[in-house]
Amino acid sequence: DVTELVALRATAKTMGAEEGIKVTYMPFIMKATALALKKFPMLNGRLDEEANELVHFHHVDLGIAADTPNGLIVPVIRDVDSKGIMQISAELMDLAERTKAGKVKPEELKGSTFSITNAGNIGGILATPIINFPDIAILGVHRLMKKPGVVETPNGDEIQVRQYMNF
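Residues numbered from 1 in each chain as written. Predicted model: local features only at pLDDT ≥ 70, side-chain atom pairs only at ≥ 80, totals over all residues. Heavy atoms only, no water.

Asker: For the pattern of salt bridges, give the residues involved together with the corresponding values.
Answerer: For the structure on display, the rule yields seven salt bridges. Residue Glu 4 is joined to Arg 162 by a salt bridge in which the shortest nitrogen-to-oxygen separation is 3.2 Å. Here Glu 4, found in helix H1 (residues 3-18), pairs with Arg 162, found in strand S10 (residues 156-165); they are 158 residues apart in sequence, far enough to count as distant. In the salt-bridge network here, residues are joined through shared partners; they are Asp 1, Glu 4 and Arg 162. (Salt bridge = Lys/Arg side-chain N within 4 Å of Asp/Glu carboxyl O. Helix = DSSP H or I, 4+ residues; strand = E, 2+ residues; numbered from the N terminus.)

Encoded structure:
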C-alpha cells in the first residue's frame, strides 16, 4: 500500500518543480531500497568471479535499468544511502537524459552494488527481473494500481480506495 507515498510524492513534485527537478516515484524507491540494504547488507554486493566469492559493501550504488534505443542500459547512481530525495531526483533526471541520448560515460555504467528495474512505466504489474551481473540482487518495481483496501480508523475498519504497487 503506497497511498501515503503518492501524497508525499505530490508534495515533493511541487517542491522539485520550483527548482527545475522532476520528482518521480523512483527516488523514493531508491532511498527506501538503500535504507533497507544498509539494514540487510547481504543483498548489497556483487560476485567477484576471480576470487569466486561474494563481495559486500557499506555504501549503496544503485544501478537503474533504463530502456534506450540501443537496448536496456543500467547506469549507476552512487552513494544513494547518503543522499536526500531532491539530490537523488536531480541525479536520476540528469543520468536518465544522458543515457537515452547515448552520452552516458562508461564509468557510469559500472560498479553497482544492487539494481532496480521498473516495469511500471510500461504498465507491468508483475514480472521477474533478470539480475544485472555481477550484482547479486535486483528489485522489480511495477505500476501503481487503485484497489479497495481495508483501513483501520477510530470508527472501526473502513474500505477505501488505496494505491498499491507490487515490488
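Now that the structure has been shown, we can carry on.
Asker: So what's going on with the sheet that holds strand S8 (residues 138-141)? Which residues, and what values?
Answerer: Remark on secondary structure: sheet strands pair via backbone hydrogen bonds, oriented parallel or antiparallel. Reading across from one edge, S6-S3-S7-S8 is the order of the four strands in this open sheet, with mixed pairing throughout. Edge positions in the sheet fall to strand S6 (76-77) and S8, since each of these pairs with one other strand and no more. Summarising the sheet, strand S3 (residues 62-64) and strand S7 (residues 114-118) pair through three bridges and their orientation is parallel. Paired with Gly 63 across the strands is Ser 115, a residue of S7. Seen against the sheet, helix H2 (residues 26-39) touches S3, S6, S7 and S8 and runs at an angle of roughly 150 degrees to S7. (Pairing = 2+ DSSP bridges. Contact = heavy atoms within 4.5 Å. Axes fitted to C-alpha atoms, helices over the stretch in contact; angles between N-to-C directions.)

Asker: Would you mind going over the nonpolar core in detail, with residue names and values included?
Answerer: Within the largest apolar cluster, 27 residues are counted, with the highest numbers of intra-cluster contacts made by Ile 29, Met 30, Leu 62, Ile 64, Val 80, Phe 114 and Ile 116. When contributions to this core are tallied by element, the ones reaching two or more residues are H1, H2, S3, helix H3 (85-100), S7 and S8. Top element by residues in this core is H2. It accounts for six residues. Sequence-distant contacts of Ile 116, defined by excluding residues within four places in its chain, comprise Met 26, Ile 29, Met 30, Thr 33, Leu 62, Gly 63, Ile 64, Ala 65, Ile 138, Leu 139 and Val 141. (Core = buried A, V, L, I, M, F, W, Y, C linked by side-chain atoms within 4.5 Å. Buried < 20%, exposed > 50% of the residue type's maximum accessible area, 1.4 Å probe, protein only.)

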